[in-house]
Protein chains: 2
Amino acid sequence: MPKIVDHVRRREELADAALRLLARSGIRSVTTRAVAEEAGWSPGALSHYFDSHNDLLVHALRRAVQRQADYVRGAIQGSDHDPLERLRLLMRASLPVDERSISLLRIFLIFYAEAGDDSETSDEVREYLRSWRRSVTRLIVAAQDAGQISSELDPVDLASDLIALADGLAIHAFLDPEVLARSTERATALLTVLESQWRPTPAKSDAASA
Amino acid sequence: MPKIVDHVRRREELADAALRLLARSGIRSVTTRAVAEEAGWSPGALSHYFDSHNDLLVHALRRAVQRQADYVRGAIQGSDHDPLERLRLLMRASLPVDERSISLLRIFLIFYAEAGDDSETSDEVREYLRSWRRSVTRLIVAAQDAGQISSELDPVDLASDLIALADGLAIHAFLDPEVLARSTERATALLTVLESQWRPTPAKSDAASA
């Protein structure tokens, strides 16, 4: 039993070392030797914990997904928030605003780029995006139940649009400080625009006549 | 004179070989040897055309940017299109819908991920995004002049939002076939939502009272 715990913990340590390297110096820096050195181990030790270099990378991706999920969960928690407010907080939690989120965004960009090659990475990335979409869909359905978003709209479509927008803004903010400086403001402004469309409108035909 | 032309052409050939490798097998596959082989040259020949491996990569990125710019220019051309229609065509031209655009999107994702490390790549990527933003801004200003978009809106803000949305949708479509299947439809639907907000509304106060 303690041995299994140790094994899991060691794999996490090594995956975290790989994530630090990815954030710092990109995919080409993540060699078996460099990861071992970063973790303070001998190069041979890695083979006891991972079947292959790719196995290590996929495990590192899972750690990154878990970290982001924990962070987002923390950011939107609070029993006093209504569903729409939680949706706003979730959008904001996707933007790269500090050291932590910038590192993580870079890591995801690397795995997005790698997903073209490797089917396991591709599966994990797709599952990450789908899980993000499911979370947003659930919040939208809750907001529809609470009468905050029109029930005529397809929650999955809305969720797809929102996460594409959030990820696009985050990626451009990461790549251009000019965008970064305004990304939180833009995300808020855009949500306001979209929300005005989502609002249930019992008197739609009157508004259209203006 | 013919020698200079040759030199330029050889560099393009090698950069294109690097782009093919990037699209096919990712950044780790782009070694000097592999690029030479892909182009049908001896490995030593590359050093006559590029100062470094990085020089080759940056040159390849410039070729990718040029290809995308040519494609977009072709897609939105047509003297019978009004500015808003050109904006719609430009949005559609950013989505990965065929072999060509999927390869190119993957190449851009790789350079986005690389931009974290290398300042030259980072400068090129930033300039690419800014140039995209400038094109969209120009179309928005033209649409404002034509009375199709409210002149109260900041064209640069709108342009930033639109390209973030377009790139986010394109990247998610690349990563998930479920999103790909609906991305064109979603881009169109979202533009319709946004356009309804952009429209000049001389009788805004009446509409709000409904």
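Computed from a predicted structure; not experimentally measured.

(A) The pattern of salt bridges, seen in detail. All names here are of chain A. If you walk through the whole model with that rule in mind, you get 36 salt bridges over all chains. Between Glu124 and Arg62 there is a salt bridge, with the nearest N and O atoms lying 2.8 Å from each other. Placement of Glu124 in helix α6 (residues 119–145) and of Arg62 in helix α3 (residues 53–76) is noted, with a sequence separation of 62 residues between them. Its relative accessible area of 38% is what places Arg62 among the partly exposed residues. Of the charged contacts, one joins Asp70 and Arg73 as a salt bridge, the two residues approaching to 3.2 Å between their closest N and O atoms. Separated by three residues within a single helix, Asp70 and Arg73 lie in helix α3, roughly one turn from each other. According to the relative accessible area criterion, Asp70 is partly exposed, its value standing at 41%. Take Arg73: its relative accessible area is 48%, and that puts it in the partly exposed class.

(B) Expanded view of the layout of surface pockets. Residues and elements named next belong to chain A. The calculated volume of the second largest pocket comes to roughly 440 Å³. Together, 18 residues line the second largest pocket, and Ala69, Val72, Arg73, Ser131 and Ser135 are the ones closest to its centre. When contributions to the lining of the second largest pocket are tallied by element, the ones reaching two or more residues are α3, α4 (83–93) and α6. Counting residues per element, the lining of the second largest pocket draws most heavily on α3, at eight residues. Classifying every residue of the lining of the second largest pocket gives eight nonpolar, six polar and four charged.

(C) Broad picture of the interface of chain B and chain A. Each side of the interface is counted separately: chain B has 52 residues, and chain A has 52 residues. Buried area between chain B and chain A, summed over both chains or domains, comes out near 4,200 Å², and the portion from carbon and sulfur atoms is 55%. Looking at the side of chain B facing chain A, the largest losses of area belong to B:Arg28, B:His172 and B:Leu175, adding up to 16% of the total buried there. There are 14 salt bridges connecting chain B and chain A. Where chain B meets chain A, there are 16 residue pairs in polar contact (both at pLDDT 80 or more). If you list the elements that add at least two residues to the side of chain B that touches chain A, you get α1 (2–25), α3 (53–76), α5 (99–114), α6 (119–145), α7 (155–175), α8 (177–198) and α9 (204–208) of chain B. By residue number, the principal contributor to the side of chain B that touches chain A is α7(B), which donates 14 residues.

(D) Structural detail: the packing of aromatic side chains. Residues and elements named next belong to chain A. The full count for this structure, using the stated rule, is six aromatic pairs over all chains. Centre to centre, the rings of Trp41 and Tyr49 are 5.5 Å apart; their planes meet at 65°, and the pair counts as edge-to-face. Note on Tyr49: relative accessible area 19%, which makes it buried. Lying across the ring of Tyr71, Arg100 places its NZ or CZ 3.4 Å from the centre.

(E) Quick peek at the packing of α3(A) against α4(A). All names here are of chain A. With their axes 9 Å apart at the nearest point, α3 and α4 run at an angle of 140° to one another. Viewed along their axes, α3 and α4 adopt a mutual orientation that is oblique. Pair α3 / α4 crosses with right-handed handedness. The segment α3 lies against α4, with Gln68, Tyr71, Val72, Ala75 and Ile76 engaging Arg86, Leu89, Leu90 and Ala93. In terms of residue class, the contact of α3 with α4 is made up of seven nonpolar, one polar and one charged.

(F) Representation of the relation of the copies chain B and chain A within the structure. For the pair chain B and chain A, the best superposition has an RMSD of 0.0 Å and corresponds to a rotation of 180° with a translation of 0.0 Å parallel to the axis. A rotation of that kind, with that shift, is consistent with a two-fold axis. In terms of proximity to the rotation axis, the leading residue of chain B is B:Gly168, whose C-alpha is 1.9 Å off the axis.

(G) Spatial organisation of the nonpolar core. With 128 residues, the main nonpolar core has A:Tyr112 and B:Tyr112 as its most contacted residues. Setting aside chain neighbours within four positions, we find A:Tyr112 in contact with A:Val125, A:Tyr128, A:Leu129, A:Asp167, A:Ile171, B:Leu109, B:Ile171, B:His172, B:Phe174 and B:Leu175.

Criteria and thresholds
- Residues numbered from 1 in each chain as written.
- Chains lettered and ligands numbered in written order.
- Predicted model: local features only at pLDDT ≥ 70, side-chain atom pairs only at ≥ 80, totals over all residues.
- Heavy atoms only, no water.
- Salt bridge = Lys/Arg side-chain N within 4 Å of Asp/Glu carboxyl O.
- Helix = DSSP H or I, 4+ residues; strand = E, 2+ residues; numbered from the N terminus.
- Buried < 20%, exposed > 50% of the residue type's maximum accessible area, 1.4 Å probe, protein only.
- 1 Å grid on protein atoms, 1.4 Å probe; cavity = no way out; pocket = protein on both sides within 12 Å on 5 of 7 lines; lining within 4 Å.
- Points joined across faces, edges and corners; volume = space filled by probe spheres on them.
- Nonpolar A, V, L, I, M, F, W, Y, C, P; charged D, E, K, R; others polar.
- Contact = heavy atoms within 4.5 Å.
- Buried area = accessible area lost by both parts, 1.4 Å probe.
- Polar contact = N/O pair within 3.5 Å; in protein donor to acceptor, adjacent residues only side chain to side chain.
- Phe/Tyr/Trp six-rings, centres within 6.5 Å; stacked < 30°, edge-to-face > 60°.
- Lys NZ or Arg CZ within 6 Å of the ring centre and 35° of its normal.
- Axes fitted to C-alpha atoms, helices over the stretch in contact; angles between N-to-C directions.
- Parallel < 35°, antiparallel > 145°, perpendicular 65-115°, else oblique.
- Left-handed = near helix turned anticlockwise from the far one by under 90°.
- Least-squares fit on C-alpha atoms with pLDDT ≥ 70 in both.
- Core = buried A, V, L, I, M, F, W, Y, C linked by side-chain atoms within 4.5 Å.

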